[in-house]
Amino acid sequence: MEVNNNNNGGCCCGSFFQRCKPYIAMISLQFGYAGMNIITKVSLNRGMSHYVLVVYRHAFATAAIAPFALVLERKVRPKITFLMFMQMFVLGLLGPVIDQNLYYMGLKFTSPTYSCALSNMLPAMTFVMAVIFRMEKLDMRKVRCQAKVIGTVVTVVGAMLMTLYKGQVINFFWSHYMHHPRNYVPDNTTTNSGETDWVKGSILLIFATLAWASFFILQAVTLRKYPAQLSLTAIVCFLGTLQSIAVTFVMEHSPNVWTIGWDMNLLAAAYAGIVSSGIAYYVQGIVMQRRGPVFVTAFSPLMMIIVAVMGSFILAENIYLGGVIGAILIVVGLYSVLWGKYKEHKEKEAENIITDEPIKCCGNQIARLETVIEDSESNDIEMQKGDDNNNNEACNELSVTIISNNNNNDNDVTKA
């Protein structure tokens, strides 16, 4: 009995840990993304070119992922056709080149918290693009579809509010007691150039989020024919590295921009490449296969909260009233979209259960009919065997009587 109880306790702990794995993985990734935003902001403030940062970031990501892809997926990796290669080429252009460069430019003009808040538009943009490309069905008579549309509109309104309205600075209670390095303290003066940079950064972040949503749409299409996730991540990062090098040669003409030492620039490139591009792509793919994209995107507001707290401590970042209101609207709209997606997933599961039950019932009935038919056939065979035996016995009796009669007739003839 004690052994059984210990086994039951171990099974319960194991199943609980298995259920908690996706949550632990996604929460850990949000802390990783938050650290990337803070470290990258410090590196950009020190004068590192964001074009060079993108190159080094995806070079580190390729070096970290490629060995695992070569070893673990050598038997399941499909052949690359020309169409697949073009899709991977466009993925490298959308993600590493367009999205990352625009995001770093917007981050340089704004702040980490603001950038993370605008990035929460990603689920809404992905939903709109999925409807346009008919990857998502939209029936306005259903409540879940209405929730997704309303959430998308609220998210866009929150992003526009963050872009056009700044408001007053919100001071936290620890802001007066924290000491920050002189190089990291932002300028609190609100000049015309500062306001222009803020709007410019917002527009760049919106276009970066749009490119990232396009990346997700194309990645979903590519994974249908190329399901090797590690190999796809390594190839996309490698192609993105080559494309980023070409873009950097066009945009940066000084060879000094490529210089990198054992400082914050190297840390930002290595951290962003290994954690935010390499590990994050793979972990998100695994969690997305088990729990779906709704579960993955539901944790993005957590990154904004983490970055807001870390940015206020580390960078003495100013948080404005317009940003707070817009972020609240974006989070409300985000979870409205996610609620609609959750209800849609539940409806699909219910439909699958309903369609599976008649098949099971029909299968049981067919099995019963087969057993009845087999029993009847066996009975018929036994009856046929019995009839054959009876016929054989009758034939034997008839032959005996005929022989006996013939013998009697022969005896009579001899007597006569």
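Quick caveat, the model's predicted, so the values are computed rather than measured.

Once the charged atoms of two side chains with opposite charge are near each other, the side chains can pair. For the coordinates displayed, the defined rule picks out two salt bridges. Salt-bridge contacts for Asp-139 lead to Arg-141; the nearest nitrogen and oxygen are separated by 3.2 Å. Take Asp-139: its relative accessible area is 22%, and that puts it in the partly exposed class. The shortest N-O distance in the salt bridge between Arg-144 and Glu-347 comes to 2.9 Å. Here Arg-144 is found in helix 6 (residues 143-164), whereas its partner Glu-347 is found in helix 12 (residues 321-415), with 203 residues between them in sequence.

So, about the confidence of the model for the protein. Predicted confidence across the protein gives a mean pLDDT of 76, with 74% of residues reaching 70 or more. Scored below 50 in pLDDT, residues 409-416 shows zero contacts in the model against residues more than four places distant or in partner chains.

What follows is about the packing of helix 3 (residues 82-109) against helix 8 (residues 229-251). Put simply, helix 3 and helix 8 touch, their axes get as near as 8 Å, and they point 60 degrees apart. Crossing handedness for the pair helix 3 and helix 8: right-handed. Within the contact between the two elements, helix 3 uses Phe-85, Met-88, Phe-89, Leu-91, Gly-92, Leu-93, Pro-96 and Val-97 and helix 8 uses Leu-232, Ile-235, Val-236, Leu-239, Gly-240, Gln-243, Ser-244 and Val-247. Considered class by class, the residues forming the contact of helix 3 with helix 8 number twelve nonpolar, four polar and no charged.

Moving on: the environment of Ile-314. Tracing the chain through its elements places Ile-314 in helix 11 (residues 300-314). Along the chain, Ile-314 and Val-42 lie 272 residues apart, while their C-alpha atoms are 9.6 Å from each other.

Relative to the helices and strands, Thr-241 is located in helix 8. Within the structure, Thr-241 has its side chain in polar contact with the backbone oxygen of His-58 (distance 3.3 Å). Within the local environment of Thr-241, its side chain forms a polar contact with the backbone nitrogen of Ala-59, the two atoms lying 3.4 Å apart. Not counting the four nearest positions on each side in its chain, Thr-241 is found in contact with Val-55, His-58, Ala-59 and Thr-62.

Below, the discussion takes up the environment of Phe-31. Tracing the sequence through the fold places Phe-31 in helix 1 (residues 2-45). Sequence separation between Phe-31 and Val-307 is 276 residues, and the spatial gap between their C-alpha atoms is 8.5 Å. The contact partners of Phe-31, leaving out residues within four places of it in the chain, are Tyr-271 and Ile-306.

Right, let's get into the packing of aromatic side chains. Counted by the stated rule, this structure contains seven aromatic pairs. Relative to Phe-215, the ring of Trp-212 lies with its centre 4.9 Å away and its plane at 5 degrees, an arrangement referred to as stacked. A residue pair is termed a helical-turn pair when its members lie 3 or 4 positions apart in one helix, as Trp-212 and Phe-215 do in helix 7 (residues 192-225) at three residues. Neither Trp-212 nor Phe-215 differs from the other in exposure class; each is buried. Ring pairs connect the aromatic residues Tyr-56, Phe-249 and Trp-258, which therefore count as one cluster.

Procedures and definitions
Residues numbered from 1 in each chain as written. Predicted model: local features only at pLDDT ≥ 70, side-chain atom pairs only at ≥ 80, totals over all residues. Heavy atoms only, no water. Salt bridge = Lys/Arg side-chain N within 4 Å of Asp/Glu carboxyl O. Buried < 20%, exposed > 50% of the residue type's maximum accessible area, 1.4 Å probe, protein only. Helix = DSSP H or I, 4+ residues; strand = E, 2+ residues; numbered from the N terminus. pLDDT = per-residue confidence, 0-100. Contact = heavy atoms within 4.5 Å. Axes fitted to C-alpha atoms, helices over the stretch in contact; angles between N-to-C directions. Left-handed = near helix turned anticlockwise from the far one by under 90°. Nonpolar A, V, L, I, M, F, W, Y, C, P; charged D, E, K, R; others polar. Polar contact = N/O pair within 3.5 Å; in protein donor to acceptor, adjacent residues only side chain to side chain. Phe/Tyr/Trp six-rings, centres within 6.5 Å; stacked < 30°, edge-to-face > 60°.

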